[in-house]
Amino acid sequence: MALQVAGGVACCCPPPLAGRRAAALLCRAPRAVASGAAAVVEEGEGKVRLGESGVAVTKLGIGAWSWGDTTYWNDSEWDERRLKEAQEAFDASIDNGMTFFDTAEVYGTALMGAVNSESLLGGFIKERQNKKQVEVAVATKFAALPWRFGRGSVLSALKKSLDRLGLSSVELYQLHWPGIWGNEAYLDGLADAYEQGLVKAVGVSNYNEKRLRDAHARLKKRGVPLAANQVNYSLIYRTPELNGVKAACDELGITLIAYSPIAQGVLTGKYTPENPPTGPRANTYTPEFLTKLQPLMSRIKEIGASYGKSPTQVSLNWLTCQGNVVPIPGAKNASQAKEFAGALGWSLTGDEVEELRTLAREIKGIKMPIEES
C-alpha cells in the first residue's frame with residue numbers, strides 16, 4: 001500500500017534527566033553490523049528499513065495474532081465486543097503513528113467460531129480509508145503445512161491472503177516456520193512472489209541461525225534480499241542473543257522482528273504469583289515462574305517511574321535499544337495501542353539496558369523448541 005497518513009510517531013517522553021542525554025544517544029545507536037549496515041539506517045519520520053529491502057516501517061509494529069482468535073486468546077470466544085475493541089486498537093495504532101501490522105493466514109482460522117485475522121485487518125484498513133487516506137504496511141505469513149508442496153503453493157497461499165486482505169500486494173511476506181520438507185521450494189516461491197510484484201519484501205520466521213544463513217544465501221542467488229526474521233524475543237526470552245540469530249541478522253543485514261516482546265503480557269506487571277495468566281499461557285508463566293520474575297519487575301517499575309513510563313514501555317524500549325529490532329506487541333484494544341506508542345521517542349541508558357539484562361539472566365524456565373527445528 002502507498003497511501004498517506006498525517007502525523008508522525010507519538011512521543012510522550014519527559015524532559016531528559018541529568019546525565020541521561022548522552023547515554024540515551026549511545027543506546028539508540030544500532031550495534032555495529034558488517035555487510036548489512038544499511039539495514040538499520042533510520043529512514044526518517046520514525047521509520048526503519050526492513051533489512052536491505054526498499055521497505056521502511058515504523059519502529060514499533062502491531063501484531064494481530066489475537067484478532068479473531070479463539071484457540072489461544074480471547075478466552076476461546078470471539079464476539080462483537082472483541083471485534084469493536086480490535087478495530088479501536090487498529091485506529092489508535094494509526095493515530096499514534098504505528099502503521100506496521102503483522103498477521104498470518106493461520107491467525108483466527110475457522111475453528112471454534114474464530115474469524116480470520118487477515119480478513120479483519122483488511123476490513124479495518126478499508127473502513128479507515130473510507131474516512132481518511134492512510135499509509136499502512138502489512139506483513140503476513142505462509143504456513144508451511146506438510147501437505148503443501150513446491151514453490152507454487154507459496155504463490156497460491158499468498159493470493160488467497162491478498163484476497164482476504166483486499167490488497168494487491170503486501171509489504172512483507174514471511175515463511176511462518178520451517179517446514180518438515182520443501183523449504184528450498186518455499187524460498188523459491190518467496191522469490192517468485194517478489195519478482196511478480198506481489199510482495200515488496202520477503203522474510204522468514206522462527207528460523208535458527210543455520211536455516212537463516214541458508215535462506216539468505218539461496219535468495220541472494222536470485223537477487224532477492226532476505227528482509228527479516230521474525231522470532232520470539234523479549235527481555236525474559238533472549239534466546240536470539242544466545243543461539244546466534246541476533247548476531248547473524250546484524251551481520252547479514254536482516255531485520256529481527258520481535259514477536260511476544262512483552263512476553264505475552266507478563267512484562268506489563270499485570271500478573272503476579274497470586275494472579276497468574278489464564279488459558280494456555282498459564283502453562284508457561286506459572287506462579288513459581290512469576291515469583292522468580294518479581295525482582296526484575298520491581299527494577300523495571302523503578303526505572304520506568306524515573307522516566308514517567310510504564311513497565312510495558314520500558315520493556316519495549318529495552319528491545320529497541322538492541323538495534324536492528326522491530327518489536328510487534330499485540331494490541332487487543334485502544335488503550336494498549338496507546339501505551340505501546342509511549343515506548344518510542346526516548347531511550348534507556350546503556351547502563352540501564354545492561355542492568356536489566358543481568359537481572360533477567362537469573363530467570364530460567366522458558367523454552368520454545370520450534371527454534372531448534
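Calculation notes
Residues numbered from 1 in each chain as written. Predicted model: local features only at pLDDT ≥ 70, side-chain atom pairs only at ≥ 80, totals over all residues. Heavy atoms only, no water. Helix = DSSP H or I, 4+ residues; strand = E, 2+ residues; numbered from the N terminus. Expected span 1.5 Å × (residues − 1). Bend = angle between axes of the 7 residues up to and from the residue. Buried < 20%, exposed > 50% of the residue type's maximum accessible area, 1.4 Å probe, protein only. Core = buried A, V, L, I, M, F, W, Y, C linked by side-chain atoms within 4.5 Å. pLDDT = per-residue confidence, 0-100. Contact = heavy atoms within 4.5 Å. Phe/Tyr/Trp six-rings, centres within 6.5 Å; stacked < 30°, edge-to-face > 60°.

As recorded in an unreviewed UniProt entry, the protein goes by the name NADP-dependent oxidoreductase domain-containing protein, listed as coming from Digitaria exilis.

### Some remarks on helix α9 (residues 287-307)
An α-helical segment advances 3.6 residues per turn. Residues three or four places apart therefore align on the same side. An ideal rise of 1.5 Å per residue puts 30 Å on 21 residues; α9 measures up with 29 Å between its terminal C-alpha atoms. The largest bend in α9 comes to about 45°, at Gln-294, with the proline Pro-295 one to four residues further on. Residues of α9 that are buried: Phe-289, Leu-290, Leu-293, Leu-296, Met-297, Ile-300, Ile-303, Gly-304 and Tyr-307. Two residues or fewer after α9 comes Gly-308, characterised by a positive phi angle close to 75°.

### Notes on the nonpolar core
Grouped together as the largest cluster of nonpolar side chains are 90 residues, with contacts concentrated most on Trp-67, Ile-236 and Leu-348. No other element matches the eight residues that α9 contributes to this core. The next biggest cluster of nonpolar side chains, apart from the first, holds 15 residues, and it includes Leu-50, Val-57, Ala-201 and Tyr-259.

### Digging into the confidence of the model for the protein
Per-residue confidence for the protein gives a mean pLDDT of 86; residues scoring 70 or more make up 83%. Within the model, the stretch residues 1-26 combines pLDDT values under 50 with 49 contacts to residues more than four positions away or in other chains. For the stretch residues 28-42, pLDDT sits under 50, and the model shows 35 contacts to residues farther than four places along the chain or on other chains.

### Digging into the packing of aromatic side chains
For the structure shown, the criterion picks out ten aromatic pairs. Considering the side-chain rings of Tyr-285 and Phe-289, the 5.6 Å spacing of their centres and the 65° angle between planes classify their relative orientation as edge-to-face. Taken together through their ring pairs, the aromatic side chains of Trp-67, Phe-90, Phe-101 and Phe-124 make up a single cluster.

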